[in-house]
Structure formats: structure tokens, C-alpha cells
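Residues per chain are reported as follows:
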Amino acid sequence: MAHAALQALIFDVDGTLADTESVHLAAFNHAFKEAGLDWQWDLALYTQLLDISGGKERILHYWKQVNPDMLAINANALQDRIGRIHELKTAAYENAVNSGAVSLRPGVLKLMDEALQAGLQLAIATTTSPVNIAALLRHAIGSDWRMNFSAIGDASTAPIKKPHPQVYLQMLQALQLPAAACLAFEDSSNGLRSATAAGLATVVTPNSFTAHHDFAGALKVVPDLSQVNLQQLRLWHLAPAR
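The notes below deal with the structure included here. (Residues numbered from 1 in each chain as written. Predicted model: local features only at pLDDT ≥ 70, side-chain atom pairs only at ≥ 80, totals over all residues. Heavy atoms only, no water.)

Describing the pairing of strand S1 (residues 8-11)
Okay, step 1: A two-sided burial pattern is seen for S1, the buried positions comprising Ala8 and Ile10 on one face and Leu9 and Phe11 on the other.
Okay, step 2: Direction of pairing for S1 relative to strand S2 (residues 121-125): parallel, over a ladder of 4 bridges. The residue bridging Phe11 from the neighbouring strand is Ile124, located in S2.
Okay, step 3: Pairing of S1 with strand S4 (residues 182-186), which is carried by 4 bridges, proceeds in the parallel orientation. Note that in S4 the partner of Phe11 across the bridge is Phe185. (Buried < 20%, exposed > 50% of the residue type's maximum accessible area, 1.4 Å probe, protein only. Helix = DSSP H or I, 4+ residues; strand = E, 2+ residues; numbered from the N terminus. Pairing = 2+ DSSP bridges.)

Brief notes about the side chain of His86
Okay, step 1: Within the secondary structure layout, His86 lies in helix H4 (residues 75-98).
Okay, step 2: In this structure His86 comes out as buried when scored by relative accessible area, which is 12%.
Okay, step 3: The contact partners of His86, leaving out residues within four places of it in the chain, are Gly55, Lys56 and Ile59. (Contact = heavy atoms within 4.5 Å.)

Description of the side chain of Arg105
Okay, step 1: Its place among the elements puts Arg105 in the loop between H4 and helix H5 (108-117).
Okay, step 2: Looking at Arg105, the relative accessible area reads 8%, which means it is buried.
Okay, step 3: A polar contact of 2.8 Å, which involves the side chain of Arg105, links it to the backbone oxygen of Pro223.
Okay, step 4: Setting aside its immediate chain neighbours within four residues, Arg105 contacts Gly15, Thr16, Leu17, Ala18, Asp19, Thr205, Pro206, Asn207, Pro223 and Asp224. (Polar contact = N/O pair within 3.5 Å; in protein donor to acceptor, adjacent residues only side chain to side chain.)

Considering the nonpolar core
Okay, step 1: Counting residues in hydrophobic clusters, the biggest one holds 39 residues, and the most contacted among them are Leu9, Leu137, Phe185 and Leu233.
Okay, step 2: Contributions of two or more residues to this core are made by S1, helix H1 (21-34), H4, H5, S2, helix H6 (130-140), S4 and helix H9 (230-238).
Okay, step 3: The leading source of residues in this core is H6, at 5 residues.
Okay, step 4: Among residues more than four places away in sequence, those in contact with Leu9 are Leu111, Ala115, Leu120, Gln121, Leu122, Ala123, Leu183, Phe185 and Leu233.
Okay, step 5: Of all hydrophobic cores here, the second largest spans 19 residues; its members include Leu25, Leu50, Tyr62 and Phe209. (Core = buried A, V, L, I, M, F, W, Y, C linked by side-chain atoms within 4.5 Å.)

Regarding H5
Okay, step 1: Among the residues making up H5, those that are buried are Val108, Leu111, Met112 and Ala115. For H5, the angular spread of buried residues about the axis comes to 100°, placing them on one side. Seen from the open side of H5, the exposed residues pointing more than 90 degrees away from its buried face are Lys110 and Gln117.
Okay, step 2: Those residues of H5 that are buried lie in contact with S1, S2, S4 and H9.
Okay, step 3: Gly119 lies just past H5 and shows a positive phi near 90°. (Arc of directions from axis to C-beta.)

Remarks on unusual backbone geometry
Negative phi characterises most residues that are not glycine, and trans characterises most peptide bonds.
Okay, step 1: Residue Pro163 follows Lys162 across a cis peptide bond; omega there is 20°.
Okay, step 2: Checked against the element boundaries, Pro163 lands in the loop between strand S3 (151-153) and helix H7 (166-175).
Okay, step 3: One non-glycine residue, Gln176, lies in positive phi territory at about 60°.
Okay, step 4: On the accessibility criterion, Gln176 (71% relative accessible area) is exposed.

Now the structure itself:
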């Protein structure tokens, strides 16, 4: 059976395209204060909470920990409160990104440009919100950033969060490509599990929040993409399945 040629690169966002998590953490704490909560997440706690995919899901998980009696609250009222906190958090994050608090990780933009020039498609597969993606890439690439991507999957299109493969399966369908013709880029074990469950070979670039994760099953684990070019990716992609 002939090996499928590499035709698309599919990127996670938070932690993969950019080291965003410390800015997200500050935005969460800002939102808690604005909402009148006495919560204060530190680095150690937030690193643990990152095992929960999705900002609203993370807030709900923590709420259950600190307030086991939360079930006495009307479920709809609780969801509304969490939604409002998340709106405050998103606004704080967007303001931070617009002020230059976040930049793309080394090698990301160069690799994307090389792939586009070679005729490959680019896609995004993330659990973050559309607003967060737009804020980051508009600042990093420019107002026409959307034109670089053939497909984008996010929290609005894939409600079942990673490690479920929903968002990657959606992107393969949108690209109209088999998994064997694509490579995924992730930074976390949840992301790796999501991509590999969709049949994708995955390159992992850990960061300080995910360095302790288990990356068994990754195609390659590298510090960042600064030393990775398209030729290298094609060679890795041709390697036998592990």
C-alpha cells in the first residue's frame, strides 16, 4: 500500500502555537476578582486544572472542589454564572494579547509559511474559544490571518473536548483528507490522545505546563519548532508507524 503524501498540518493553539497558559491564568484570576469571588489560582493548581479541557469546564471542576454543596444551586443559574465568569476571563485574555503579552512559539510562523508555499493546507484543532484564536492570530499574523487556514475547529464547533477526537475528526472531514495525509501538532497528553485517536501522527512540543505529561505514542517530541522544517516533517511522516 502506497504511503499517503503529506498534505496538511493541523495545529492545536494554547501551548502549541504560543505559550498562552500563564496569560490565561492571569485572566482567570482577574475574572474571579471581577466576579466577586475570593478564588486565586496559583501555578501549581493551574497546572493540575489544565488536565480539564475547556475554560468553562475548568471553572466548574474547581467549583465542585471548593463548594461541594453547589448542587443546591439551580443548574441553569450555575451555568449562567460560569458563563459570565468565562466572558470576563475571555475579555481579560483578549486585552492581554492585544497589548502584546503573547507571541507565537519559535519556528511556528516560519513552518506555516513554508507549508503554505509548498501547497500544503493548514488547519486548527483546539478546545479554546473562537475569540481567543482570533485575538492571538490577528496579533501574530495580521487581520487576514484566517486566509491561511483551510479549516478551523474550536470550542464552538466541537463541544466534546479533548482527549476526545471530535475536533480532529471534524478537521479531517473539512479538509477532505485521510489522517495518513496529515500531521498534528500538540503540547499536552490530552491533545496527543485526541489526535492519535483520530489516527493522526503527532509532533509534540511541550512547555513548562506540560513537560511532565506522558507523550508515549507521539511521532516526535521536540522542544519547539525552531529546528523543524518541512523536509524534516516529510521524513518523519514517512517513518513507519510506531
